[in-house]
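Summary of structural features
Here is what each chain is made of, one letter per residue.
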Amino acid sequence: MSRELLSILLYLAVLVALAVPLGRYMARLYRGERTLLTPVLSPVEGALYRLGGIDPAEGQSWRAYALSVLAFNAAGFALLYALLRLQGVLPLNPAGVAAMAPDLAFNTAASFVTNTNWQAYSGEVQLSYLSQMMGLTVQNFASAATGMAVAVAVIRGLACRGEGRLGNFWADMTRSVLYVLLPLSLVVALILVGQGVVQTLSGAVTVTGLEGADQVIARGPAASQIAIKQLGTNGGGFFGVNAAHPFENPTVASNMLQSLCILLIPVAFCFAFGRMVGDRRQGLALFAAMGLLFVAGLAVVLWSEAAGNPLIAQITNTTGANLEGKEMRFGAALSALWGAATTAASNGSVNAMHDSFMPLSGLVFLVNMMIGEVIFGGVGAGLYGMLLYVVLAVFLAGLMVGRTPEYLGKKIEAREVSLAVLAFLSMPLGILVFSALTVIVPQALAAVQEAGPHGLSEVLYAYASATGNNGSAFGGFGASDPFHTTLQGIAMLLGRYAIILPMLAIAGSLSAKAPAAPTAGTFPTHGPLFVVLLIVTVVILGGLTFFPALALGPIAEQLSLVAGARP
Amino acid sequence: MTTILRPALVLLALMTLMTGLAYPLALTGIAQAAMPWRASGSLVEQEGRVVGSALIGQAFAAPEYLHPRPSAVDYDAAAAGASNFGPSAPALLEAVQNRAADWRRETGQKAVPLDAVTASASGLDPDISPENARGQAARIAAARGAETAEVLRILDQATTGPWLGLFGPAHVDVLGANRALDAALPRDAG
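The structure presented is a predicted model; accordingly, all values stated were derived computationally and were not measured.

Conventions used here
- Residues numbered from 1 in each chain as written.
- Chains lettered and ligands numbered in written order.
- Predicted model: local features only at pLDDT ≥ 70, side-chain atom pairs only at ≥ 80, totals over all residues.
- Heavy atoms only, no water.
- Helix = DSSP H or I, 4+ residues; strand = E, 2+ residues; numbered from the N terminus.
- Rg over C-alpha atoms; globule rule 2.2 N^0.38 Å.
- Buried < 20%, exposed > 50% of the residue type's maximum accessible area, 1.4 Å probe, protein only.
- Contact = heavy atoms within 4.5 Å.
- Areas by Shrake-Rupley, 256 points an atom, 1.4 Å probe, with all protein chains shown as cover.
- Lys, Arg positive; Asp, Glu negative; His and termini not counted.
- Charge placed at Lys NZ, Arg CZ, Asp CG, Glu CD.
- Buried area = accessible area lost by both parts, 1.4 Å probe.
- Salt bridge = Lys/Arg side-chain N within 4 Å of Asp/Glu carboxyl O.
- Polar contact = N/O pair within 3.5 Å; in protein donor to acceptor, adjacent residues only side chain to side chain.
- Core = buried A, V, L, I, M, F, W, Y, C linked by side-chain atoms within 4.5 Å.
- Domains from an automatic or database assignment.
- UniProt positions renumbered as here; feature names shortened; annotations may be inferred.
- Pairing = 2+ DSSP bridges.
- 1 Å grid on protein atoms, 1.4 Å probe; cavity = no way out; pocket = protein on both sides within 12 Å on 5 of 7 lines; lining within 4 Å.
- Points joined across faces, edges and corners; volume = space filled by probe spheres on them.
- Nonpolar A, V, L, I, M, F, W, Y, C, P; charged D, E, K, R; others polar.
- Expected span 1.5 Å × (residues − 1).
- Bend = angle between axes of the 7 residues up to and from the residue.
- Axes fitted to C-alpha atoms, helices over the stretch in contact; angles between N-to-C directions.
- Parallel < 35°, antiparallel > 145°, perpendicular 65-115°, else oblique.
- Left-handed = near helix turned anticlockwise from the far one by under 90°.
- pLDDT = per-residue confidence, 0-100.
- Patch = residues over 30% accessible without salt bridge, like charges linked within 9 Å, V, L, I, M, F, W, Y side chains within 5 Å.
- Phe/Tyr/Trp six-rings, centres within 6.5 Å; stacked < 30°, edge-to-face > 60°.

**Overview of the overall build of chain B**
- The secondary structure content of chain B amounts to seven helices and five strands.
- Along its sequence from the N terminus, chain B presents helices and strands in the succession α-α-β-β-α-β-α-α-α-β-β-α.
- By the compact-globule yardstick of 16 Å for 190 residues, chain B is too spread out, its C-alpha radius of gyration being 23 Å.
- By its C-alpha atoms, chain B is 80 × 45 × 35 Å across when sized along the principal axes.
- Here chain B holds 190 residues, and 54% of them are scored as buried.
- A fraction of 56% describes how many contacts in chain B between residues 6 or more apart in sequence connect residues 24 or more apart.
- Just so you have it, chain B exposes about 7700 Å², and 59% of that area is on carbon and sulfur atoms.
- Counting 14 positive and 18 negative side-chain charges, chain B places the averaged centre of each group 4 Å from the other.

**Describing the interface of chain A and chain B**
- Every contact between the two is made by 107 residues of chain A and, on the other side, 98 residues of chain B.
- Regarding the contact of chain A and chain B, the summed buried area is about 8300 Å², with carbon and sulfur atoms giving 70% of it.
- Contact with chain B buries area across many residues of chain A, yet Leu210(A), Glu324(A) and Met328(A) alone supply 10% of it, more than any other trio.
- Summed over the shared surface of chain A and chain B, the number is zero salt bridges.
- Inspection of the region where chain A meets chain B yields 36 residue pairs in polar contact (both at pLDDT 80 or more).
- Here the side of chain A that touches chain B takes 13 residues from helix 7 (residues 169-195) of chain A, the largest share from any one element.

**Section: the nonpolar core**
- Within the largest apolar cluster, 188 residues are counted, with the highest numbers of intra-cluster contacts made by Met26(A), Leu263(A), Phe294(A), Met386(A), Leu387(A), Tyr407(A) and Leu504(A).
- With 17 residues, the top contributor of residues to this core is helix 9 (residues 252-276) of chain A.
- Both domains that meet at this core, namely domain 1 (1-40) and domain 2 (41-189) of chain B, each give it at least three residues.
- When sequence neighbours within four positions are dropped, the list of residues in contact with Phe294(A) reads Leu12(A), Leu263(A), Ala340(A), Ala341(A), Ala344(A), Ile375(A) and Phe376(A).

**Regarding the UniProt feature "transmembrane region" (unreviewed entry) in chain A**
- Those places that UniProt annotates as "transmembrane region" (unreviewed entry) correspond, in this numbering, to residues 64-84, 136-155, 176-198, 256-277, 284-303, 417-440, 490-510 and 530-552 of chain A.
- End C-alpha atoms of residues 136-155 of chain A are separated by 28 Å, and the span's content is 100% helix alongside 0% strand.

**What about the pairing of strand 1 (residues 205-208) of chain A?**
Residue and element names in this part refer to chain A.
- Side chains of strand 1 alternate between two faces, with Val 205 and Val 207 buried and Thr 206 and Thr 208 left unburied.
- Sheet analysis places strand 1 next to strand 2 (residues 214-217), joined by four bridges and oriented antiparallel. Bridge assignment links Thr 206 to a residue of strand 2, and that residue is Val 216.
- The antiparallel pairing of strand 1 with strand 2 creates a hairpin that spans five residues between the two strands, and Gly 212 there sits at a positive phi of about 90 degrees.

**Considering the side chain of Ser120(B)**
All names here are of chain B.
- Mapped onto the secondary structure, Ser 120 falls in the loop between helix 3 (90-107) and strand 3 (127-128).
- Among the residues examined, Ser 120 registers a relative accessible area of 0% and is labelled buried.
- At 3.0 Å, the side chain of Ser 120 and the backbone nitrogen of Gly 123 are in polar contact.

**Looking at empty space enclosed by the protein**
Residue and element names in this part refer to chain A.
- On inspection of all chains with the given rule, the structure shows five cavities of 30 Å³ or more.
- Of the pockets and cavities examined, the largest cavity occupies roughly 210 Å³.
- Around the largest cavity sit 21 residues that line it, and Gly 372, Ala 381, Gly 385, Gly 495 and Ile 499 are the ones nearest its centre.
- Elements supplying a minimum of two residues to the lining of the largest cavity: helix 14 (381-401), helix 15 (414-440) and helix 18 (482-511).
- The leading source of residues in the lining of the largest cavity is helix 14, at five residues.
- When grouped by side-chain class, the residues that make up the lining of the largest cavity number 10 nonpolar, nine polar and two charged.
- In this structure, the second largest cavity occupies an estimated 60 Å³ of space.
- The wall of the second largest cavity is formed by Val 154, Leu 158, Leu 387, Val 390, Val 391, Tyr 407, Met 503, Ile 506, Ala 507 and Leu 510.

**Considering helix 6 (residues 129-159) of chain A**
- Across its 31 residues, helix 6 of chain A extends 43 Å between first and last C-alpha, which sits within 8% of the 45 Å expected from 1.5 Å per residue.
- If you look at helix 6 of chain A, its biggest bend is around 25 degrees, right at Leu136(A).

**Describing the packing of helix 6 of chain A against helix 8 (residues 223-231) of chain A**
Residue and element names in this part refer to chain A.
- Viewed as axis vectors pointing N to C, helix 6 and helix 8 meet at an angle of 20 degrees, and their least axial separation amounts to 9 Å. By the angle between their directions, the pair helix 6 and helix 8 is classed as roughly parallel. Crossing geometry of helix 6 relative to helix 8 is assigned as left-handed. Touching Gln 132, Thr 137, Asn 140 and Phe 141 of helix 6 are Gln 225, Ile 228 and Lys 229, all from helix 8.

**Description of the confidence of the model for chain B**
- Summary statistics for chain B give a mean pLDDT of 94 and a share of 98% for residues scoring 70 or more.
- Reported confidences for the modelled complex are a pTM of 0.96 and an ipTM of 0.96.

**Re the pattern of salt bridges**
All names here are of chain A.
- Scanning the model with the defined rule gives 17 salt bridges over all chains in all.
- Two residues, Lys 411 and Glu 406, come together in a salt bridge whose shortest N-O distance is 3.4 Å.
- Of the residues examined, Glu 406 reaches a relative accessible area of 13% and is grouped as buried.
- With a shortest N-O distance of 2.7 Å, Glu 413 and Lys 513 are connected by a salt bridge. One end of the pair, Glu 413, is in the loop between strand 4 (410-411) and helix 15; the other, Lys 513, is in the loop between helix 18 and helix 19 (528-562), with 100 residues separating them in the sequence.
- Lys 513 sits in the buried class, given a relative accessible area of 16%.
- Within the structure, one salt-bridge network assembled from shared partners comprises Arg 28, Arg 31 and Glu 33.

**Things to note about the environment of Glu58(A)**
Residues and elements named next belong to chain A.
- Relative to the helices and strands, Glu 58 resides in the loop between helix 2 (38-52) and helix 3 (62-86).
- The partly exposed category is assigned to Glu 58, whose relative accessible area is 46%.
- Through-space distance from the C-alpha of Glu 58 to that of Val 391 is 28 Å; in sequence the pair is 333 residues apart.
- Dropping the residues within four chain positions of it, Glu 58 is found in contact with Gly 167 and Asn 168.

**Some details on a nonpolar patch on the surface**
- A surface patch of nonpolar side chains, about 460 Å² in accessible area, is lined by Val532(A), Val536(A), Ile540(A), Leu544(A) and Phe547(A).
- Along the polypeptide, Phe547(A) turns up in helix 19.

**Comments concerning the sheet that holds strand 5 (residues 171-173) of chain B**
Residues and elements named next belong to chain B.
- The antiparallel open sheet is built from three strands, whose spatial order is 3-5-4. In this open sheet, the two edge strands, each paired with only one partner strand, are strand 3 and strand 4 (159-160).
- Across two bridges, the pairing between strand 3 and strand 5 is antiparallel. Each residue of the ladder has a partner; that of Ile 128, found in strand 5, is Val 172.

**Things to note about the environment of Glu211(A)**
- Mapped onto the secondary structure, Glu211(A) falls in the loop between strand 1 and strand 2.
- Under the relative-accessibility criterion, Glu211(A) is labelled partly exposed at 33%.
- Distance from Glu211(A) to Gly348(A), taken between C-alpha atoms, is 37 Å for residues 137 residues apart in sequence.
- Here Ala61(B) takes part through its backbone nitrogen, which lies 2.9 Å from a polar atom of the side chain of Glu211(A).

**Remarks on the packing of aromatic side chains**
- Under the definition given, this model contains 20 aromatic pairs over all chains.
- For the pair Phe141(A) and Tyr23(B), a centre-to-centre distance of 5.3 Å together with 85 degrees between the ring planes defines the contact as edge-to-face. A residue pair is termed interchain when its members come from two chains, as with Phe141(A) in helix 6 and Tyr23(B) in helix 1 (residues 2-34). Per residue, the accessibility class of Phe141(A) equals that of Tyr23(B), and both read buried.

What follows is the structure, given as structure tokens:
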């Protein structure tokens with residue numbers, strides 16, 4: 001166990017050591033300064049702007065910024081939907097996959113445009129190579145870049161001196177793809193191929209095993225998609241079983257690299273934030289709050305998986321970690337690390353099956369998603385999601401001392417708090433209301449695999465994953481029913497845009513305010529007290545909203561499991 | 001409106017060409033040129049025919065072979081999958097009970113390695129635990145008319161320790177071990 005703990009600590013150290021310089025690089029990039037890659041990429045960047053008729057220096061109001069986000073995402077949605085519906089007659093389809101049904105295509109398009117990558121389909125069975133590449137891989141980049149751009153706009157709203165401009169969406173988005181996502185993806189993908197991740201346009205291969213039985217092995221251009229799916233907190237696998245598939249994640253080395261990629265950009269955003277607002281301690285405070293929440297959840301999952309399943313131990317006369325739904329090369333500890341990281345980061349890729357984790361681990365996964373994916377969270381999305389809690393936290397602090405709350409010198413007033421609450425409500429709406437609908441409608445309830453508390457966990461997980469734009473699943477949940485493909489699609493759109501739009505509105509409102517100089521009465525937002533207040537806000541607002549539902553799901557299951565009772 | 005529509009459509013088209021075609025195709029070209037064996041699925045050839053992928057588990061049932069973990073999809077590498085059973089699902093406990101009984105019958109041992117009775121995440125797990133492998137040594141030796149110690153030696157050679165001595169558990173590559181067994185201890189003619 002001590003070796004495993006040491007390996008986890010080393011992972012965390014490497015993660016931070018990589019994220020700090022990346023954060024510095026991103027801050028320079030978004031401020032429009034020269035970076036290491038500028039000499040190589042600026043001609044390409046300039047050409048993109050010229051063809052699009054874009055002036056990257058032109059600052060947009062929050063409304064123009066939001067409209068640009070919506071227009072770009074709507075166009076991406078339409079293209080992806082069309083590709084999925086027409087893939088049967090388009091090229092690069094060696095397996096002869098047919099067109100996707102309308103409801104599933106809607107679900108998949110919503111899923112990839114919103115950076116969720118919920119997979120109601122199985123990639124090797126229902127997608128052509130063309131759809132994987134020109135459809136899904138493109139949206140892996142585009143949705144990640146959208147989240148990064150929105151975060152940058154929100155940061156500018158906080159940092160600016162009252163000009164009322166949030167920057168240029170087209171420039172922010174283009175720079176995110178060209179300077180961050182694409183170069184990192186190329187490097188990561190090549191390392192992954194070296195470990196054994198497939199990257200071929202050839203179709204499946206049939207082999208005859210040592211015992212003489214035939215085995216058909218699906219392949220495809222996987223490495224290119226996997227690199228960006230991890231870096232962009234997308235999570236949608238090339239194969240149905242995602243990063244548990246030996247062709248997606250063949251070795252412990254590939255596993256550790258992908259685990260790093262899951263959290264790399266979200267962690268880097270904390271440090272970029274500090275630099276962009278001109279006070280690195282502010283970024284450190286957000287990093288500390290997120291980091292403490294992450295480590296707390298990770299510790300529970302590590303412990304609960306290592307302790308194993310007492311019901312199975314009774315049968316085998318052996319005690320050990322929970323291995324159902326896990327790969328032997330990763331074992332329980334690295335599966336626990338991945339599970340905590342992928343649910344915290346709104347990534348959603350899995351290297352082990354979350355449905356088969358112990359109930360307390362499932363509880364941590366659910367909480368990570370339900371609080372709105374703000375423990376590092378999706379690329380960009382985690383940062384602006386946490387800033388939403390920051391608005392609420394300083395508001396609560398202001399109530400306690402009877403002063404108008406401020407953050408980074410900007411007064412937080414009724415408009416900002418109302419918008420923050422509006423954004424916050426999208427989570428309970430998408431998770432609790434939609435889960436309740438599922439439980440009431442018989443056709444919807446048929447999707448649940450297991451009776452009792454675990455069945456409720458499956459429903460909650462599905463809608464927490466969709467609304468939180470995570471994309472991982474309790475796989476026993478039959479997500480391909482048209483009721484759920486449609487409702488899940490709506491939940492994903494809600495969880496994305498019902499947070500992006502209010503956050504941009506808050507940023508717009510703050511951007512018009514001139515920052516006030518700090519006085520003796522200003523509540524400092526960089527010290528330990530603020531970190532604790534922020535954590536408490538997240539836990540109370542996010543956690544307690546969902547506690548009654550969680551008590552009936554994973555908590556009830558854990559209690560009955562410990563008691564040795566079977567449902 | 002065109003101030004927003006034009007950049008949206010143009011950038012989407014260009015991003016599609018860059019990230020949807022140029023990026024994966026360039027990567028395919030580089031990967032196939034530099035690491036063709038890895039990029040094409042790490043296929044293992046033996047006596048001129050492809051017997052499997054070094055990375056993908058395959059089913060083994062004969063007593064002279066090392067057996068892999070249970071698979072929810074019977075090692076169907078065209079549609080991988082897991083059981084997705086929750087930890088207290090009756091179907092899971094029933095399956096574990098049956099597998100444990102099989103293990104005890106085949107090996108004569110009472111303590112059952114956990115990976116021998118639980119299904120993997122992919123259904124294509126190429127590895128098993130060292131305890132699971134060693135537990136099968138006597139059965140393999142008997143079926144091949146060989147010494148158990150010799151089988152144990154071969155299994156140890158197919159065992160990979162933690163990566164960098166730190167990350168992940170030790171595990172035994174089933175296909176690799178079985179090929180080594182065939183090479184070192186050809187099956188009895190009878």
